[in-house]
Amino acid sequence: NKVNIGIVGATGMVGRTFLKVMEERNFPVDNLYLFASEKSKGQKLIFNGNEHEVEELNEKSFNRPLDILLFSAGGEISKKYAPMAKNKGIVVVDNSSAWRMDSNVPLVVPEVNPEDINWNEGIISNPNCSTIQCVVPLKPLHETFKIKRIIFSTYQAVSGSGVGGLTDLENGLESLEPQKYPHPIAFNCLPHIDEFTDNGYTKEEIKMIEETKKILHDEKLKITSTTVRVPVRYGHCVSANIEFEKQFEMDEIYNTLKSSKGIIVLDDGKNNIYPMPIKVEGKDEVYVGRIRRDFSIDNGINMWIVADNIRKGAATNTVQIAELLIKNK
Ligand code: 2RA
């Protein structure tokens, strides 16, 4: 059962990766439509060997047979156009943060909470990249040992900011006209992702806290986070300190992670084996290592979580949600 699918934001980094992932996964496409801003109109993108011309997105764009729309064009575009699509009976899978915390919008990672797809009312949100890679290993641990508190410290690649982030890194210290960052990112770290809010946290830090609770269906979780931009191109890293309600043996933790879908455990420090961004680029799994007991509390561990922020963190997770929609049809 092939579907008519559209991509809004088709020429962006995530938009182009949607096409690549859909090809790799033989996504069942009947008709494909590509939408972007006026400046990208007329560009031609290849899908399954055929050329597709990019159209300028406007109010009439969805007056055609469409089953699913994937959005990755920023929050403003999603706020304006996702409801238009929904009102035409098209299901939107939105990679922006616009609808994530809306109580009528499921926030889904297929390995974690696939069942939430079932209560969608036309819009389903893809979580923030750094959240996605954390909830994949956290879910099986939460189910088995009941998480009480999490401390996230992130080390996020510049591709999370789009092309401008990559440009600022490549321009190095001479980043005279920083496109994306207030300070040079080359040879530097910026404890500043997205905007600062009145309580001293950035929006990225608040996303990690609130999205994790929504996806794990547990508003009682105690979570804090510090999100940092680092001079890496692709691949977000997260150091997670996790406190559980229950006692555990370390091999139970290992076995729970090793037997969970979408996770690859790389953990042998003495032989220099641990997840690194340069090794996960282009991959769809979540890599976990440096798993060790936190001896400062009764039932705690530390672990290191790495994943490609453009693939599993955005494009692949979105396409997996679309696959679930088709399966549940
Ligand atoms: C970032 N997670 O890394 C945010 C949005 N992609 O910039």
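Please read these numbers as outputs of a predicted model, since none were measured by experiment.

### Observations concerning the side chain of Ser 125
- Position of Ser 125 among the secondary structure elements: in strand S7 (residues 123-125).
- Those residues in contact with Ser 125 that lie beyond four places of it in its chain are Asp 94, Trp 99, Arg 100, Val 105, Pro 106, Leu 107, Val 108 and Ile 321.

### Things to note about the state of the cysteines
- Under the counting rule described, the total for this entry stands at zero disulfides.
- The thiol of Cys 134 is unpaired, and the distance to the nearest cysteine sulfur, on Cys 129, comes to 10 Å.
- Free cysteine: Cys 237, not disulfide-bonded; nearest cysteine sulfur from Cys 134 at 11 Å.

### Thoughts on the UniProt feature "domain: Semialdehyde dehydrogenase NAD-binding" (unreviewed entry) in the protein chain
- With numbering matched to this structure, UniProt assigns "domain: Semialdehyde dehydrogenase NAD-binding" (unreviewed entry) to residues 4-120.
- Between the end C-alpha atoms of residues 4-120 there is a gap of 19 Å, over a span that is 21% helix and 27% strand.

### Considering the sheet that holds strand S9 (residues 222-229)
- Reading across the sheet, the six strands line up as S9-S8-S10-S13-S12-S11 and stay open at both edges, with mixed pairing between neighbours. In this open sheet, the two strands that pair with only one neighbour each are S9 and strand S11 (263-265). Taking each pair of neighbouring strands and ignoring which way they run, the sheet shows an average axis angle of 20 degrees.
- Here eight bridges tie strand S8 (residues 147-156) to strand S10 (residues 236-244), and the two strands are oriented antiparallel to one another. The residue of S10 that forms the bridge with Ile 150 is Ile 242.
- Helix-sheet contacts for helix H5 (residues 203-215) involve S8 and S9, and the interaxial angle to S9 is about 140 degrees.

### Looking at the UniProt feature "active site" (unreviewed entry) in the protein chain
- The sites that UniProt annotates as "active site" (unreviewed entry) are Cys 129 and His 236. Maximum C-alpha separation among the annotated residues is 8.1 Å over a sequence range of 108 residues, consistent with a single clustered spot.
- Along the chain, Cys 129 falls in helix H3 (residues 129-145).
- Beyond its immediate stretch of four places on either side in the chain, Cys 129 contacts His 236, Asn 309 and Gly 313.
- Along the chain, His 236 falls in strand S10.
- Assessed through its relative accessible area of 1%, His 236 is described here as buried.

### A few points about helix H6 (residues 250-258)
- Buried residues of H6: Met 250, Ile 253, Thr 256 and Leu 257, and no others. All buried residues of H6 project into a common sector of 125 degrees when viewed along the axis, lining one side.
- If you follow the buried residues of H6, they end up packed against H3, S10, S11, strand S12 (286-293) and strand S13 (300-307).

### What about the pairing of strand S4 (residues 50-56)?
- Here strand S2 (residues 29-36) runs beside S4; their pairing, made up of three bridges, is parallel. Residue pairing for S4: Leu 34 is matched across the bridge by Val 54.
- Following strand S3 (residues 44-47), the chain reverses through two residues before pairing antiparallel with S4; Asn 48 in that reversal takes a positive phi of roughly 50 degrees.

### Quick notes on the site of the ligand
- Neighbouring residues of the ligand: Asn 128, Cys 129, Gln 156, Gly 160, Ser 161, Ile 193, Glu 204, Arg 229 and His 236.
- Gly 160 has a polar backbone atom sitting 3.0 Å from an oxygen atom of the ligand.
- Contact between the ligand and Arg 229: an oxygen atom at 2.6 Å from a side-chain N or O atom of the residue.
- Out of a free accessible area of 230 Å², the ligand has 79% covered by protein chains.
- In the shell around the ligand, the residues fall into two nonpolar, five polar and two charged.

### Things to note about the pattern of salt bridges
- Inspection of the entire model under this criterion finds 20 salt bridges.
- Here Lys 80 and Glu 59 are joined by a salt bridge, their closest N and O atoms 3.3 Å apart. With Lys 80 in helix H2 (residues 75-87) and Glu 59 in the loop between S4 and strand S5 (68-71), this residue pair connects regions lying 21 residues apart in the sequence.
- Put simply, Lys 139 and Glu 143 hold a salt bridge, and the shortest N to O gap is 3.7 Å. Residue Lys 139 and its partner Glu 143 are located together in helix H3, separated by four residues, close to a single helical turn.
- Residue classification places Glu 143 among the exposed residues on the basis of a relative accessible area of 58%.
- Salt bridges sharing partners connect three or more residues here, namely Lys 20, Glu 24, Asp 284 and Arg 311.

Cut-off values and rules
Residues numbered from 1 in each chain as written. Predicted model: local features only at pLDDT ≥ 70, side-chain atom pairs only at ≥ 80, totals over all residues. Heavy atoms only, no water. Helix = DSSP H or I, 4+ residues; strand = E, 2+ residues; numbered from the N terminus. Contact = heavy atoms within 4.5 Å. Disulfide = S-S within 2.5 Å. UniProt positions renumbered as here; feature names shortened; annotations may be inferred. Pairing = 2+ DSSP bridges. Axes fitted to C-alpha atoms, helices over the stretch in contact; angles between N-to-C directions. Buried < 20%, exposed > 50% of the residue type's maximum accessible area, 1.4 Å probe, protein only. Arc of directions from axis to C-beta. Near = heavy atom within 4 Å. Polar contact = N/O pair within 3.5 Å; in protein donor to acceptor, adjacent residues only side chain to side chain. Areas by Shrake-Rupley, 256 points an atom, 1.4 Å probe, with all protein chains shown as cover. Nonpolar A, V, L, I, M, F, W, Y, C, P; charged D, E, K, R; others polar. Salt bridge = Lys/Arg side-chain N within 4 Å of Asp/Glu carboxyl O.

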